[in-house]
Amino acid sequence: MKQLVIISGKGGTGKTTITAAIASMAENAIIADCDVDAPNLHLVLEPEITEASDFHGMEIAHIDTERCTGCNICIENCNFDAIYTDHSINSCKCEGCGVCEYVCPENAIKMINNPSGSVFDSMTRYGPMVHAELMIGEEASGKLVTAVKEHASSLAGENGAELIICDGPPGTGCPVIAAITGADLALIVTEPSLSGIHDLERIIQVTDHFRIPAIVCINKYSINEENTKQIEISCKENGIIVAGKLPYDTIPNKAMIGKKTVIEYADNEFSENLREIWKTVRSELCESP
Ligand SMILES: Nc1ncnc2c1ncn2[C@@H]1O[C@H](COP(=O)(O)OP(=O)(O)OP(=O)(O)O)[C@@H](O)[C@H]1O
Ligand code: SF4
Ligand code: SF4
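Here the structure is a predicted model, which is why all the values come from computation and not from measurement.

1. A look at the sheet that holds strand 6 (residues 163-167)
Sheets are built from strands that pair by backbone hydrogen bonding, the pairs being arranged parallel or antiparallel.
Part 1: Read across the sheet, nine strands follow the order 3-4-5-2-6-1-7-8-9 without closing on themselves; strand pairing throughout is mixed. Strands with a single pairing partner mark the edges of an open sheet, and in this sheet they are strand 3 (48-63) and strand 9 (242-246). Direction aside, the axes of adjacent strands within the sheet are offset by 20° on average.
Part 2: Taken together, the four bridges between strand 8 (residues 214-219) and strand 9 define a ladder with parallel strand orientation. Within strand 9, the position partnered with valine 216 by the bridge is valine 242.
Part 3: Those strands touched by helix 1 (residues 15-25) are strand 1 (2-7), strand 2 (29-33), strand 6, strand 7 (185-190), strand 8 and strand 9, and its axis lies near 160° from that of strand 6.
Part 4: In the packing of helix 7 (residues 194-209) onto the sheet, contacts are made with strand 1, strand 7 and strand 8, and the angle to strand 7 comes to roughly 170°.

This is how it looks when you write it as structure tokens:
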């Protein structure tokens, strides 16, 4: 079984548009929305949830009021002002450091699991999908990405799937690292804006560092053909394959509004370009060790 992750560095370059299109062309695949901070693949693929499970990001403190003598040592030692004067915990402020549990002379504090999101196993018209949501204000999205990928792997095992397609998060931080971990290939969707080029360089440093083979797709290339050329030259110099280019077009927006993938929405040059990109991605996946 192979794992493809679609990432970009810069947000809004078209990862989800391209992931949804690939999901509609791939066969025998599991789709995983690893953009857990701002998931939107479900808007196009309209999954029906078959199972929901709680996600516990990090532990937070809990005070047993029966044991507590009110000495305030915990309040004095909490660096996050997370303990109220009535010795209850502000769950939004608690960082789960465990200092209060350590200093409490009455052993009145325990660290407990804090539900901070959900993972959903679902079914779409293109096969099983895993997605997730974080509760408002919750962090630990890297751990939630890992949970989504674990669910996707076990669904892949149950269904005998040959491929997991992960829509990755933007950026280069912890959630991205969680998303690319174990991937056989990263498809980097970039755009020829200055920030797109800058973030392309940064995300390639990340994939290089973790030794994940990467190829590039230049989306919205027509917004700046000079910069597009620059990206192509730089990829060539660095031995990175450019799987294809897509022009700026109204099709992706119209398709998204109609809850369709670009492949479902249009049968024209734009969708043909996407089919060619998928062919290249598939052959690179087959060649990955
Ligand atoms: N080739 C294109 N031409 C014009 N608009 C496009 C093109 N590709 C994508 N878009 C539009 O750009 C916007 C962002 O696309 P999309 O949501 O796929 O990006 P993303 O990288 O997944 O974003 P995020 O970082 O927020 O997850 C959407 O409105 C989409 O319709
Ligand atoms: S340190 Fe322990 S006993 Fe003291 S106020 Fe905090 S919870 Fe209560
Ligand atoms: S676990 Fe850390 S952050 Fe949370 S209440 Fe205790 S001392 Fe404060």
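2. A word on the nonpolar core
Part 1: Counting 40 residues, the largest nonpolar core has Val5, Ile7, Leu144 and Ile188 as its most contacted members.
Part 2: With 28 residues, the next largest nonpolar core counts Ile18, Ala29, Ile251 and Val262 among its residues.

3. Considering the pattern of salt bridges
Part 1: One pass over the structure, following the stated rule, counts eight salt bridges.
Part 2: Here lysine 220 makes a salt bridge to glutamate 191, at a shortest N to O gap of 3.8 Å. Of the two residues, lysine 220 sits in the loop between strand 8 and helix 8 (225-237) while glutamate 191 sits in the loop between strand 7 and helix 7, which places them 29 residues apart along the sequence.
Part 3: As a salt-bridge pair, glutamate 276 and lysine 279 come within 3.3 Å of each other at their nearest N and O atoms. Here lysine 279 and glutamate 276 lie together in helix 11 (residues 269-287), a separation of three residues that amounts to about one turn.
Part 4: For glutamate 276, a relative accessible area of 36% translates into the label partly exposed.

4. As for the environment of isoleucine 277
Part 1: With respect to the helices and strands, isoleucine 277 occurs in helix 11.
Part 2: Measuring from C-alpha to C-alpha, the distance between isoleucine 277 and valine 5 comes to 14 Å, with 272 residues separating the pair along the chain.
Part 3: What isoleucine 277 contacts, discounting residues up to four positions off in sequence, is Cys217, Ala243, Gly244, Lys245 and Leu246.

5. Description of the domain arrangement of the chain
Part 1: Along its sequence, the chain is organised into domain 1 (2-46 + 125-287) and domain 2 (57-115).
Part 2: On a C-alpha basis, the centres of domain 1 and domain 2 stand 41 Å from each other.
Part 3: Each partner contributes to the interface: domain 1 provides four residues, whereas domain 2 provides four residues.
Part 4: Taken together, both faces of the contact between domain 1 and domain 2 bury some 300 Å²; the carbon and sulfur share is 41%.
Part 5: Across the domain 1-domain 2 interface, the total number found is zero salt bridges.
Part 6: A class-by-class count of the residues in the side of domain 1 that touches domain 2 yields two nonpolar, no polar and two charged.

6. Remarks on the site of ligand 2
Part 1: In the vicinity of ligand 2, the contacting residues are Ile63, Cys68, Thr69, Gly70, Cys71, Asn72, Cys74, His87, Cys104, Pro105, Glu106 and Ile109.
Part 2: For the shell around ligand 2, the residue count by class is seven nonpolar, four polar and one charged.

Cut-offs and rules
Residues numbered from 1 in each chain as written. Chains lettered and ligands numbered in written order. Predicted model: local features only at pLDDT ≥ 70, side-chain atom pairs only at ≥ 80, totals over all residues. Heavy atoms only, no water. Pairing = 2+ DSSP bridges. Helix = DSSP H or I, 4+ residues; strand = E, 2+ residues; numbered from the N terminus. Axes fitted to C-alpha atoms, helices over the stretch in contact; angles between N-to-C directions. Contact = heavy atoms within 4.5 Å. Core = buried A, V, L, I, M, F, W, Y, C linked by side-chain atoms within 4.5 Å. Buried < 20%, exposed > 50% of the residue type's maximum accessible area, 1.4 Å probe, protein only. Salt bridge = Lys/Arg side-chain N within 4 Å of Asp/Glu carboxyl O. Domains from an automatic or database assignment. Buried area = accessible area lost by both parts, 1.4 Å probe. Nonpolar A, V, L, I, M, F, W, Y, C, P; charged D, E, K, R; others polar. Near = heavy atom within 4 Å.

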